[in-house]
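Geometric and topological summary
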Amino acid sequence: MITCKRVYNDKDGANEGYRVLVDRLWPRGVKKTDFHYDEWNKGVAPSTELRKWFHAGGGDFSEFTQRYIDELTGAPEYWQPLVAIAKEKPLVLLYSGKDEQQNNATVLKAFLEKQLTHC
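Here's a quick rundown of the structure. (Residues numbered from 1 in each chain as written. Predicted model: local features only at pLDDT ≥ 70, side-chain atom pairs only at ≥ 80, totals over all residues. Heavy atoms only, no water.)

**Quick word on the overall build of the protein**
- Along the backbone of the protein there are four helices and four strands.
- For 119 residues, the compact-globule estimate of 2.2 N^0.38 gives 14 Å, and the protein sits close to it at 14 Å.
- The C-alpha extent of the protein, read off along each of the three principal axes, is 40 × 40 × 20 Å.
- Here the protein holds 119 residues, and the buried ones make up 40% of them.
- Put simply, of all contacts in the protein between residues at least 6 apart along the chain, 60% involve residues at least 24 apart.
- Counting every atom, the protein has about 6,900 Å² of accessible surface; 49% of that belongs to carbon and sulfur.
- For the protein, the centre of its 17 positive side-chain charges and the centre of its 17 negative side-chain charges are spaced 5 Å apart. (Helix = DSSP H or I, 4+ residues; strand = E, 2+ residues; numbered from the N terminus. Rg over C-alpha atoms; globule rule 2.2 N^0.38 Å. Buried < 20%, exposed > 50% of the residue type's maximum accessible area, 1.4 Å probe, protein only. Contact = heavy atoms within 4.5 Å. Areas by Shrake-Rupley, 256 points an atom, 1.4 Å probe, with all protein chains shown as cover. Lys, Arg positive; Asp, Glu negative; His and termini not counted. Charge placed at Lys NZ, Arg CZ, Asp CG, Glu CD.)

**Things to note about the sheet that holds strand 3 (residues 39-40)**
- The strand order across the open sheet formed by four strands is 1-4-2-3, and the pairing between neighbours is parallel. Edge positions in the open sheet fall to strand 1 (2-6) and strand 3, since each of these has one partner strand only.
- Where strand 1 meets strand 4 (residues 91-95), five bridges bridge the pair, whose relative direction is parallel. For Arg6, the partnering residue across the bridge sits in strand 4 and is Tyr95.
- Sitting on the sheet, helix 4 (residues 104-117) touches strand 1 and strand 4, and the angle it makes with strand 1 is about 170°. (Pairing = 2+ DSSP bridges. Axes fitted to C-alpha atoms, helices over the stretch in contact; angles between N-to-C directions.)

**Some thoughts on the environment of Leu112**
- Here Leu112 lies in helix 4.
- Residues Leu112 and Asp70, spaced 42 residues apart in sequence, show a C-alpha to C-alpha distance of 13 Å.
- With residues near it in sequence (within four places) discarded, Leu112 still touches Ile2, Trp79, Leu82, Val83, Leu91 and Leu93.

Shown next as C-alpha coordinates:
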(Lines give C-alpha, C1' and ligand atoms only; values in the text may rest on other atoms or scores of the structure.)
Protein backbone atom coordinates (compact mmCIF):
# COMPACT_ATOMS: atom_id res chain seq x y z
CA MET A 1 0.00 0.00 0.00
CA ILE A 2 1.28 3.45 -0.96
CA THR A 3 -0.16 6.67 0.43
CA CYS A 4 0.63 10.36 0.06
CA LYS A 5 0.65 12.71 3.01
CA ARG A 6 1.25 16.44 3.21
CA VAL A 7 4.03 17.27 5.66
CA TYR A 8 2.08 20.10 7.26
CA ASN A 9 -0.96 17.87 7.94
CA ASP A 10 1.20 15.25 9.60
CA LYS A 11 1.07 15.35 13.37
CA ASP A 12 2.42 11.95 14.32
CA GLY A 13 3.48 9.53 11.64
CA ALA A 14 4.99 6.88 13.84
CA ASN A 15 4.12 3.27 13.02
CA GLU A 16 2.29 3.96 9.77
CA GLY A 17 4.92 2.49 7.48
CA TYR A 18 8.13 3.54 5.79
CA ARG A 19 8.05 7.34 5.44
CA VAL A 20 9.90 9.03 2.59
CA LEU A 21 10.15 12.76 1.97
CA VAL A 22 9.95 13.08 -1.83
CA ASP A 23 10.72 16.80 -2.22
CA ARG A 24 14.06 18.19 -3.34
CA LEU A 25 13.85 21.03 -0.78
CA TRP A 26 13.29 20.62 2.95
CA PRO A 27 9.80 21.90 3.93
CA ARG A 28 9.80 25.42 5.33
CA GLY A 29 9.15 25.75 9.03
CA VAL A 30 9.64 22.05 9.76
CA LYS A 31 12.43 21.07 12.14
CA LYS A 32 14.29 17.92 11.16
CA THR A 33 14.44 16.91 14.80
CA ASP A 34 10.66 17.17 15.21
CA PHE A 35 9.66 15.41 12.00
CA HIS A 36 9.42 11.63 11.76
CA TYR A 37 10.73 10.26 8.47
CA ASP A 38 12.81 7.25 7.48
CA GLU A 39 14.38 8.64 4.33
CA TRP A 40 14.73 11.87 2.40
CA ASN A 41 14.92 10.79 -1.23
CA LYS A 42 15.86 13.91 -3.19
CA GLY A 43 16.71 11.82 -6.25
CA VAL A 44 13.11 10.75 -6.77
CA ALA A 45 11.85 14.35 -6.63
CA PRO A 46 11.28 16.36 -9.81
CA SER A 47 14.39 18.11 -11.09
CA THR A 48 14.94 21.70 -10.02
CA GLU A 49 14.29 22.82 -13.60
CA LEU A 50 10.98 20.95 -13.82
CA ARG A 51 9.85 22.17 -10.41
CA LYS A 52 10.62 25.80 -11.26
CA TRP A 53 8.98 25.47 -14.69
CA PHE A 54 5.76 24.09 -13.19
CA HIS A 55 5.56 26.57 -10.30
CA ALA A 56 6.19 29.48 -12.66
CA GLY A 57 3.07 28.51 -14.60
CA GLY A 58 4.99 27.04 -17.52
CA GLY A 59 2.48 24.31 -18.21
CA ASP A 60 -0.47 22.31 -17.01
CA PHE A 61 -0.39 19.38 -14.63
CA SER A 62 -0.69 16.76 -17.38
CA GLU A 63 2.45 18.10 -19.04
CA PHE A 64 4.23 18.22 -15.68
CA THR A 65 3.18 14.62 -15.07
CA GLN A 66 4.58 13.43 -18.38
CA ARG A 67 7.87 15.27 -17.90
CA TYR A 68 8.21 13.94 -14.37
CA ILE A 69 7.50 10.37 -15.48
CA ASP A 70 10.19 10.78 -18.13
CA GLU A 71 12.63 11.84 -15.41
CA LEU A 72 11.66 8.91 -13.22
CA THR A 73 12.01 6.44 -16.05
CA GLY A 74 15.58 7.63 -16.57
CA ALA A 75 16.54 7.25 -12.90
CA PRO A 76 15.45 3.80 -11.67
CA GLU A 77 18.20 3.74 -9.04
CA TYR A 78 16.14 6.20 -6.99
CA TRP A 79 12.68 4.65 -7.21
CA GLN A 80 13.39 0.91 -7.43
CA PRO A 81 14.25 0.70 -3.70
CA LEU A 82 10.86 2.28 -2.95
CA VAL A 83 9.12 -0.43 -4.98
CA ALA A 84 10.97 -3.06 -2.96
CA ILE A 85 9.88 -1.40 0.29
CA ALA A 86 6.26 -1.12 -0.89
CA LYS A 87 6.23 -4.88 -1.49
CA GLU A 88 7.11 -5.48 2.16
CA LYS A 89 5.27 -2.77 4.12
CA PRO A 90 3.17 0.38 3.75
CA LEU A 91 5.00 3.24 2.02
CA VAL A 92 4.14 6.86 2.86
CA LEU A 93 5.22 9.54 0.38
CA LEU A 94 5.62 12.86 2.19
CA TYR A 95 5.42 16.15 0.29
CA SER A 96 5.09 19.83 1.16
CA GLY A 97 3.07 21.25 -1.76
CA LYS A 98 -0.21 23.04 -1.08
CA ASP A 99 -2.25 21.20 -3.70
CA GLU A 100 -3.19 17.81 -2.31
CA GLN A 101 -4.41 16.47 -5.67
CA GLN A 102 -1.84 17.74 -8.15
CA ASN A 103 1.67 17.32 -6.81
CA ASN A 104 4.77 15.25 -7.38
CA ALA A 105 3.85 12.72 -4.68
CA THR A 106 0.58 11.77 -6.41
CA VAL A 107 2.43 11.29 -9.70
CA LEU A 108 5.12 9.24 -7.99
CA LYS A 109 2.50 7.12 -6.21
CA ALA A 110 0.80 6.23 -9.51
CA PHE A 111 4.19 5.55 -11.11
CA LEU A 112 5.28 3.24 -8.28
CA GLU A 113 1.94 1.42 -8.24
CA LYS A 114 2.34 0.76 -11.97
CA GLN A 115 5.83 -0.64 -11.34
CA LEU A 116 4.41 -2.92 -8.62
CA THR A 117 1.90 -4.42 -11.05
CA HIS A 118 4.72 -5.30 -13.46
CA CYS A 119 6.70 -7.19 -10.84
